[in-house]
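Structural overview
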Amino acid sequence: MTPKAVDPALVLGGALCAGGLALVAPTETAVTFALLSTLALAARRARAAVLVLAALTVALGGLRAQRAVAGHLEASALADAAMGLPRRCSARGRVASSPVLARGVLRWDAQLEAVECDSERVAWAGLATLYGGPPDLARGDQAEVVATLGAPTRLWNASTGDPRPGEAHRGVTRSGGTLDVRVTRRGSGVLAWIDRARARVRARIEATFPADLAPMARALVLGESDLAADDDRSFRAAGLSHLLAVSGMHLVLVLALVVRVLEGALVRVTALSARVDVGRVAAVVALVAAWIYAAFAGAGGSTVRAAWMASAGLAARALGRRTDAPRAFGLSMAAMGATDPLVAFDLSFVLSAAATAGLLRFARPLSDGLAARAPARLGPALRAAGTTLAASIPCTPVLARFAPTVPIGGVLANLLAVPLGESVALPLCLAHALLGFWPDAERGCAVVASGALVVVRRIAHAFAIRALTADVPEPTSWQLVAFAVGLGAIALGARPRWRVAGACALASALLELAARRDGAPRGVLRATFLDVAQGDSAIVDLPDGEAIVIDGGGLVGSPIDVGARVLAPELRARRRSALAVVVLTHPHPDHFGGLVTGLADAHVAALWETGEGEAEGAGGGYAQLLADARARGTRIVRPPELCGPHALGGATIDVLSPCPGFSPDLGPNDNSLVVRITYGGRALLFVGDAEHETEAALLARAGSRLRADVLKVGHHGSRTSSTPAFVAAVAPAVAVVSVGNRNRFGHPHPATLATLAAAGASVWRTDHDGAVVVETDGRSLDVRALGARGR
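Let me begin by describing the structure that accompanies this report. As the structure is a prediction and not an experimental result, all values here were calculated from the model.

1. Describing the overall build of the protein chain
Tallying secondary structure elements over the protein chain gives 27 helices and 24 strands in all. Since a compact globule built from 791 residues should have a radius of gyration of about 28 Å, the 29 Å found for the protein chain is in line with a globular shape. Overall, the protein chain is about 100 × 65 × 50 Å in size when its C-alpha atoms are taken along their principal axes. Relative to its full complement of 791 residues, the protein chain shows a buried share of 50%. Put simply, of all contacts in the protein chain between residues at least 6 apart along the chain, 72% involve residues at least 24 apart. Computed over 78 positive and 65 negative side-chain charges, the inter-centroid distance for the protein chain is 11 Å.

Shown next as structure tokens:
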């Protein structure tokens, strides 16, 4: 008997969406497609003509994605040239996206024109993400805006990957906080009406739900991800974050209710039901309702994909035709890929597609298999567990790219929380949104819904404990290929399944060995100057396999946590769970801000720091860093014990300043720890934010010990550092400036760049080049970058 072929719509839809991945992983994408195509042909699950067409579709998707990125880069370059550094600007704007509440501030996109910055007309108009504004803003509103506009923060590191496709997917070229927003004309139409309804519902949720539960209700109803940090971690660790996202399942539940109510009402209209199929009429209404609900719920990638899939099924029903779930899924993928060439860089879409594919292919065999091996009374629970597993398995490697743990108890947590969340909390929260006209009923609904949300939250916290989660390394791109091919082979019917799974596991294990070797190289000194925007952070791999971290970055006044976004993922990607030393050059937030979260999962043997901050009673993140270090048994080492050379990890680390200790007459910058690392005949010099006064003292005291092949330029290239005499004494072949793109300080200063050029140094900048990697075997010196310059 010939196996049933995979629906061509599913093959071509997936190919169109996957084409964008060729931008960042061309070889891996090609290998995955080739292997899956070979397996499909061998299993007679696809025709050669369909696969050839799919290959062309992947190529077409890649070209469209490349064109979209190139267009965005051109628009960004024009914006940079016209506006330069962040500036206070006024403009006319039209609200272009549904406003979202995050951390108490409204976030929205605006199409700006007639832009004036510092009373000067600017030759730029375009899309900007703005923070702040009246609560009832809606798409189509015209407004006069005053805001501080700058380039969006860009982070380009090995763990975060190429940021350009994601930036192009979002489409904005400027961002900033608003100082004044004055609506001059209200928008009209369906989208404006939907946004005003969202604003009313948001206000009622904030007014009637407890403050700690309101973000959960907003997540369920409006799709706003604004949970408290502890709740967010718990839901992710327990595998329950999908409960608080407007998912395809939510859409299906709403549409099922709409169809059932309409059919029940229309069938009672005898004159109508006798002449037409009321189910077809209900399908037409539900199709419209699907898109209204998707827009009301925030129009995230997962919701829109589900709306397309529902539309395929409802349209077929309205036309009196039949379609099956795989074809509807394939059509939804095709629609998403056709309307957005960069949809593969929308995480919510990727997770939604992976979960749906798992449900379609594996839910029934897993559910039936589990139920058949247990007593009948356990059948319903085991079938539910099988469904959860089917949706979870394809998503696990994707989530592992972003989270350090996977939930061991996720299946049980879902068995407990999903019925309560989707059968009680969701309907009540949606009903609450409709009861604004009846205050008593609205308050009562909020009370009952809050009770359900409390229970769901307690389940999440209970299953987020360490014993019920497993640490996992970040999968490499080739490990994802191995997983995708193995899962694809099983989906295509390859047998025996245990042998396929074993081959996939073996390939992943061998790739893991390679990843560990690359993450902790031996016989070389490798320094990675991380792109943490306006701040400093570097990971130094020592010749014997140990590692140290010098500073952790930190964005002042930004919601971006570079510790969680950059440092922790970089350590995890290198399989680094232990560090010999962490060096905090001085107690400024752009140097210590990322260390608390960045080192949360790492054992640190020693923390080197000046002690100036504690002596002056500094609090905040600095005090938290010291408290965490002491609680975890980390040895805190300060001058004068630090001063002088230390043999560590096969290299020599020489602390040159502040010695014998910090000076109360100097500021934190000039009290920075200055560290020189040597291996063989090569040296790297890290000067923190040391300025002219400390540079002069080092010239007088250190002499030849300043000589280095690589200089981490002081104070982000400020003109208060890097005097010609100091740079001449260091005589660097390579100078690395750790700096944020289009930062408000104007770093690096032209005078500093001129000094470095005059000294013959090759200047590398994290704002232009992304993370910069310097590697030496003690003789040769290699420099490369992850950004455009390194490609």
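2. Remarks on the packing of aromatic side chains
Across all of its chains, the model carries 3 aromatic pairs by this definition. Seen from their ring centres, W291 and W308 are 5.0 Å apart, and the 75° between their planes marks the pair as edge-to-face. Remark: W308 occurs in helix α11 (residues 301-318) and W291 occurs in helix α10 (residues 278-296); sequence separation between them is 17 residues. Look at W291 and you get partly exposed, because its relative accessible area is 29%. Measuring from centroid to centroid gives 5.6 Å for F529 and F686, while their planes differ by 25°, and the two rings are stacked.

3. Overview of empty space enclosed by the protein
Counted under the stated rule, the structure contains 2 cavities of 30 Å³ or more. Space inside the largest cavity adds up to approximately 120 Å³. If you trace the largest cavity, you find it lined by L595, V596, L599, A602, V604, L607, L625, D628, A629, R632 and T634. By residue number, the principal contributor to the lining of the largest cavity is helix α23 (residues 620-631), which donates 3 residues.

4. Let's talk about helix α3 (residues 48-83)
Structural remark: α-helix, 3.6 residues per turn; residues separated by three or four positions point the same way. Along its 36 residues, α3 runs 52 Å from first to last C-alpha, staying within 8% of the 52 Å computed at 1.5 Å per residue. After α3 finishes, the residue G84 shows a positive phi value of roughly 65°.

5. Description of the sheet that holds strand β24 (residues 781-785)
If you walk across this open sheet you meet the 8 strands as β15-β14-β13-β12-β11-β10-β23-β24, and the pairing is mixed. Each edge of the open sheet carries a strand with a single partner, namely β15 (635-637) and β24. Averaged over all pairs of adjacent strands, the angle between strand axes in this sheet comes to 20°, irrespective of strand direction. Pairing between strand β13 (residues 578-583) and strand β14 (residues 603-608): 5 bridges, direction parallel. Directly across from V581, in β14, lies its bridge partner A606.

6. Describing the packing of helix α14 (residues 379-400) against helix α17 (residues 477-491)
Orientation of α14 relative to α17, taken along the N-to-C sense of each, is 165°, at an axis distance of 10 Å. One finds that α14 runs roughly antiparallel with respect to α17. In terms of crossing hand, the pair formed by α14 and α17 is left-handed. Counting all contacts with α14, which are made through I393, P394 and P397, the residues of α17 involved are L480, F483 and L487. Classifying every residue of the contact of α14 with α17 gives 6 nonpolar, no polar and no charged.

7. Examining the nonpolar core
Counting residues in each nonpolar core, the largest one holds 34 residues, and the members touching the most others are F209, L220, V221, F235, L240, C429 and L453. Of all the secondary structure elements, the ones that give two or more residues to this core are α5 (190-208), α6 (214-222), α10, α15 (410-433) and α16 (439-462). Here C429 is in contact with F209, A217, L220, V221, A449 and L453, once residues within four sequence places are set aside. Within the second largest apolar cluster, 32 residues are counted, among which are A580, A606, Y679 and V734.

8. A look at the sheet that holds strand β20 (residues 710-712)
Sheet architecture is open: 7 strands sit in the order β16-β17-β18-β19-β20-β21-β22, paired in mixed fashion. Whereas interior strands pair on both sides, the edge strands pair on one side only; in this sheet they are β16 (644-648) and β22 (762-765). With strand direction ignored, the average angle separating the axes of adjacent strands in the sheet is 20°. Those strands touched by helix α24 (residues 692-701) are β17 (651-657) and β18 (674-679), and its axis lies near 115° from that of β17.

9. Side note on the pattern of salt bridges
Any two side chains of opposite charge can pair, on the condition that their charged atoms come close. By the definition in use, this model includes 46 salt bridges. Measuring nitrogen to oxygen at the nearest pair gives 3.0 Å for the salt bridge that ties R317 to D277. Remark: D277 occurs in the loop between α9 (270-273) and α10 and R317 occurs in helix α11; sequence separation between them is 40 residues. Across the pair D777 and R779 runs a salt bridge whose closest N-O atoms are separated by 3.3 Å.

10. A word on the state of the cysteines
Covalent bonding between the sulfur atoms of two cysteines defines a disulfide. Evaluated as defined, the whole model comprises 2 disulfides. Note that C89 is cross-linked by a disulfide to C117, the S-S spacing being 2.0 Å. As the torsion about the S-S bond is roughly 100°, the C89-C117 disulfide counts as right-handed. Taken together, the positions of C89 in strand β1 (residues 87-95) and C117 in strand β3 (residues 105-117) put the pair 28 residues apart, joining distant regions of the chain. We classify C89 as buried; its relative accessible area is 4%. The buried category is assigned to C117, whose relative accessible area is 0%. Paired by a disulfide, C643 and C659 hold their sulfur atoms 2.1 Å apart. Note on the C643 and C659 pair: the S-S dihedral is about -110°, so by sign convention the disulfide is left-handed. Pair noted here: C643 is in the loop between β15 and β16 and C659 is in the loop between β17 and β18, with a separation of 16 residues, a long-range link. On the basis of relative accessible area, C659 is assigned to the partly exposed category, the value being 23%. When the cysteines engaged in disulfides are numbered in sequence order, the protein chain pairs them as 1-2, 3-4.

11. Points about the side chain of R174
Tracing the backbone shows R174 in strand β7 (residues 174-185). What makes R174 buried here is its relative accessible area of 1%. Setting aside anything within four residues of it in sequence, one finds R174 in contact with S76, A79, D80, M83, G84, W124, L127, A128, T129, G150, A151 and P152.

12. Quick word on a nonpolar patch on the surface
A cluster of nonpolar side chains, namely V52, L53 and L56, defines an oily patch on the protein surface of about 290 Å² accessible area. Looking at where L56 falls in the secondary structure, it is placed in helix α3. Look at L56 and you get exposed, because its relative accessible area is 55%.

13. Brief notes about the environment of N741
With respect to the helices and strands, the residue N741 is situated in the loop between β21 (734-737) and α26 (750-758). Linking N741 and G593, residues 148 residues apart in sequence, is a C-alpha distance of 18 Å. Not counting the four nearest positions on each side in its chain, N741 is found in contact with A151, P152, T153, R154 and D767. Within the local environment of N741, its side chain forms a polar contact with the backbone oxygen of P152, the two atoms lying 3.0 Å apart.

The rules behind the values
- Residues numbered from 1 in each chain as written.
- Predicted model: local features only at pLDDT ≥ 70, side-chain atom pairs only at ≥ 80, totals over all residues.
- Heavy atoms only, no water.
- Helix = DSSP H or I, 4+ residues; strand = E, 2+ residues; numbered from the N terminus.
- Rg over C-alpha atoms; globule rule 2.2 N^0.38 Å.
- Buried < 20%, exposed > 50% of the residue type's maximum accessible area, 1.4 Å probe, protein only.
- Contact = heavy atoms within 4.5 Å.
- Lys, Arg positive; Asp, Glu negative; His and termini not counted.
- Charge placed at Lys NZ, Arg CZ, Asp CG, Glu CD.
- Phe/Tyr/Trp six-rings, centres within 6.5 Å; stacked < 30°, edge-to-face > 60°.
- 1 Å grid on protein atoms, 1.4 Å probe; cavity = no way out; pocket = protein on both sides within 12 Å on 5 of 7 lines; lining within 4 Å.
- Points joined across faces, edges and corners; volume = space filled by probe spheres on them.
- Expected span 1.5 Å × (residues − 1).
- Pairing = 2+ DSSP bridges.
- Axes fitted to C-alpha atoms, helices over the stretch in contact; angles between N-to-C directions.
- Parallel < 35°, antiparallel > 145°, perpendicular 65-115°, else oblique.
- Left-handed = near helix turned anticlockwise from the far one by under 90°.
- Nonpolar A, V, L, I, M, F, W, Y, C, P; charged D, E, K, R; others polar.
- Core = buried A, V, L, I, M, F, W, Y, C linked by side-chain atoms within 4.5 Å.
- Salt bridge = Lys/Arg side-chain N within 4 Å of Asp/Glu carboxyl O.
- Disulfide = S-S within 2.5 Å.
- Patch = residues over 30% accessible without salt bridge, like charges linked within 9 Å, V, L, I, M, F, W, Y side chains within 5 Å.
- Areas by Shrake-Rupley, 256 points an atom, 1.4 Å probe, with all protein chains shown as cover.
- Polar contact = N/O pair within 3.5 Å; in protein donor to acceptor, adjacent residues only side chain to side chain.

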